[in-house]
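# A look at the structure
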Amino acid sequence: MYGAVAAVKDLSLTVRRGEFLTILGPSGSGKTTALMLLAGFVPPTKGDIVIAGRSVAAVPAYRRDQGIVFQSYALFPHLTVRRNLEFPLEMRGIKAAERVTQVDRMLERVHLGDFGDRMPSQLSGGQQQRVALARALIADPPILLLDEPLGALDRNLREQMQVELKNLHKEFGKTTICVTHDQEEALTLSDRIVVMRTGRIEQTDTPEALYDRPTTRFVATFLGEANIIENPDFKVESNAAPPPGTVAMIRPERICVTGPAAPKRVDADQRQSVQGAVSDMIYAGPQRKYHVRVGSSVLIVREHVASGQQIFRPGDDVRLDWLRSDVRFVTT
Ligand SMILES: Nc1ncnc2c1ncn2[C@@H]1O[C@H](COP(=O)(O)OP(=O)(O)OP(=O)(O)O)[C@@H](O)[C@H]1O
Ligand SMILES: [Mg+2]
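Residues numbered from 1 in each chain as written. Chains lettered and ligands numbered in written order. Predicted model: local features only at pLDDT ≥ 70, side-chain atom pairs only at ≥ 80, totals over all residues. Heavy atoms only, no water.

Time to look at the overall build of the protein chain. Helix and strand counts for the protein chain come out as eight helices and 16 strands. With the principal axes as the frame, the protein chain shows a C-alpha extent of 80 × 45 × 35 Å. A buried classification covers 46% of the 332 residues belonging to the protein chain. Here the protein chain has roughly 16900 Å² of accessible surface; of this, 51% comes from carbon and sulfur atoms. Distance between charge centres in the protein chain, computed from 42 positive and 39 negative side chains, equals 4 Å. (Helix = DSSP H or I, 4+ residues; strand = E, 2+ residues; numbered from the N terminus. Buried < 20%, exposed > 50% of the residue type's maximum accessible area, 1.4 Å probe, protein only. Areas by Shrake-Rupley, 256 points an atom, 1.4 Å probe, with all protein chains shown as cover. Lys, Arg positive; Asp, Glu negative; His and termini not counted. Charge placed at Lys NZ, Arg CZ, Asp CG, Glu CD.)

Structure representation (structure tokens):
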């Protein structure tokens, strides 16, 4: 609680040793607060935090063995890169000569060997981000806490740094808890993802499971595009009966589009097919997206562009079909 604001509610989470866990959610959903609770900068109003069997809820942040990258990566602006990296070692009472050795080694590891004597303001955003990561890693803490560590970077650099972050995780094997609002980043980096919404955990799962089997409408639509089929004029067929209080969901790439009289597929008995009319076609490089009106519903269909494929235009009649096993049910 921040005064009367409950930024995080009923958070219960077990992090496995060595895993890369991402906390994903929209702005204001409580991600930073959750991380600051774990780090010890914000005391929990209720509950406990246990690391390796020991309660640390009352242990202040500076006493904990953890490396942190803050949302604004907060390097000390008046210290050189080298001095920034030395700081956590100094805090742990490591002698000057040993500090130099360790800093040199770390600078090499994050490809900043030539930058040790620069001030943070003389570095690009990506280089600063790497210094922040290096500073979090240098004292070899068992736990790494990262708050939007790639937030300030443009798309290309971001993707490059995602690979580096992944390699660092492989190489150092630290238990890593990373906060992001970027779905793709979470899917790429994580062993597991925690999806947060208004201070609560919505679902925790592997990237594949979250994308393929979301349990709530929020998760389904937050992680990628989803057809939520509400009150359709056709019955959505499925292999299992829909649980009460749920609505059918199918991913756009799971739906196939063909001409209305195209021959049936070999696995037609496992599919549902419906007739519709294209209301929109959006071309996006390697993908094509259709909006198809089926009765009073509009379904989104996404297909990879391939040669020899039939292209449909707005107004064309089409048939859509999908495997009954690809239908999911999400709570609303
Ligand atoms: N010190 C504070 N005092 C009062 N309310 C706060 C404080 N810090 C955060 N909040 C509120 O708590 C909620 C969660 O904030 P938090 O910073 O954890 O969100 P976030 O998920 O990290 O968002 P973002 O993606 O924008 O960084 C927000 O509604 C925010 O306004
Ligand atoms: Mg935040």
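So, about the environment of Pro142. Mapped onto the elements of the fold, Pro142 is located in the loop between helix H4 (125-137) and strand S5 (143-147). Through-space distance from the C-alpha of Pro142 to that of Gly173 is 8.5 Å; in sequence the pair is 31 residues apart. Not counting residues within four places of it along the chain, the set of residues in contact with Pro142 comprises Asp65, Lys174 and Thr175. (Contact = heavy atoms within 4.5 Å.)

If you trace the backbone, Glu19 turns up in the segment before strand S1 (20-24). In terms of polar contacts, Glu19 uses its side chain to reach the backbone amide nitrogen of Arg16, at 2.8 Å. When neighbours within four sequence positions are excluded, Glu19 is seen to be in contact with Thr14, His169, Lys174, Thr175, Thr176, Asp191 and Arg192. (Polar contact = N/O pair within 3.5 Å; in protein donor to acceptor, adjacent residues only side chain to side chain.)

Quick look at the pairing of strand S6 (residues 175-180) now. Among the six residues in S6, six count as buried, and that is most of the element. What you see with S6 is no split at all: Thr175, Ile177 and Val179 on one side and Thr176, Cys178 and Thr180 on the other are buried throughout. Relative to S6, S1 is paired through five bridges, and the arrangement is parallel. The residue of S6 that forms the bridge with Thr22 is Cys178. (Pairing = 2+ DSSP bridges.)

Partitioning the protein chain into domains gives domain 1 (20-219) and domain 2 (226-331). Counting from both sides, the interface comprises eight residues of domain 1 and, opposite them, ten residues of domain 2. Carbon and sulfur atoms supply 38% of the area that domain 1 and domain 2 bury against each other, a total of about 820 Å² over both sides. Counting across the domain 1 and domain 2 interface gives three salt bridges. For Glu230, the salt bridge is made with Arg217, and the minimal N-O distance between the two is 3.0 Å. Scanning the region where domain 1 abuts domain 2 turns up six residue pairs in polar contact (both at pLDDT 80 or more). Tallying contributions element by element places helix H7 (residues 207-212) first for the side of domain 1 that touches domain 2, with three residues. Taken together, the residues of the side of domain 1 that touches domain 2 break down into three nonpolar, two polar and three charged. (Domains from an automatic or database assignment. Buried area = accessible area lost by both parts, 1.4 Å probe. Salt bridge = Lys/Arg side-chain N within 4 Å of Asp/Glu carboxyl O. Nonpolar A, V, L, I, M, F, W, Y, C, P; charged D, E, K, R; others polar.)

Before going further, it helps to examine the sheet that holds strand S8 (residues 200-205). Pairing in this open sheet of six strands is mixed, and the strands run S4-S5-S6-S1-S7-S8 from one edge to the other. Since the sheet does not close on itself, it has two edges, and those belong to strand S4 (66-69) and S8, each with one partner. The sheet shows a mean angle of 15 degrees between the axes of neighbouring strands, taken without regard to direction. Docked against the sheet, helix H1 (residues 31-39) engages S1, S4, S5, S6 and strand S7 (192-197), running at close to 155 degrees with respect to S5. Across the face of the sheet, H4 comes into contact with S4 and S5 while running at roughly 165 degrees to S4. (Axes fitted to C-alpha atoms, helices over the stretch in contact; angles between N-to-C directions.)

Turning next to the nonpolar core. Leu85, Met106, Val131, Leu133, Leu146 and Leu165 are the most contacted members of the largest nonpolar core, which has 31 residues in total. When contributions to this core are tallied by element, the ones reaching two or more residues are helix H2 (81-91), helix H3 (96-109), H4, S5 and helix H5 (155-172). The greatest single-element share of this core, amounting to six residues, is contributed by H4. Leaving out residues up to four positions away in the same chain, Val131 has contacts with Leu75, Val81, Asn84, Leu85, Leu112 and Leu123. (Core = buried A, V, L, I, M, F, W, Y, C linked by side-chain atoms within 4.5 Å.)

What follows concerns the site of ligand 1. Around ligand 1, the structure places eleven residues, and the nearest of them are Ser27, Gly28, Lys31, Thr32 and Thr33. Here an oxygen atom of ligand 1 sits 2.8 Å away from a polar atom, N or O, in the main chain of Gly28. With respect to ligand 1, the side chain of Thr32 contributes an N or O atom lying 2.7 Å from an oxygen atom. In isolation ligand 1 exposes 650 Å². Once the protein is present, 61% of that is buried. Taken together, the residues of the shell around ligand 1 sort by class into three nonpolar, seven polar and one charged. (Near = heavy atom within 4 Å.)

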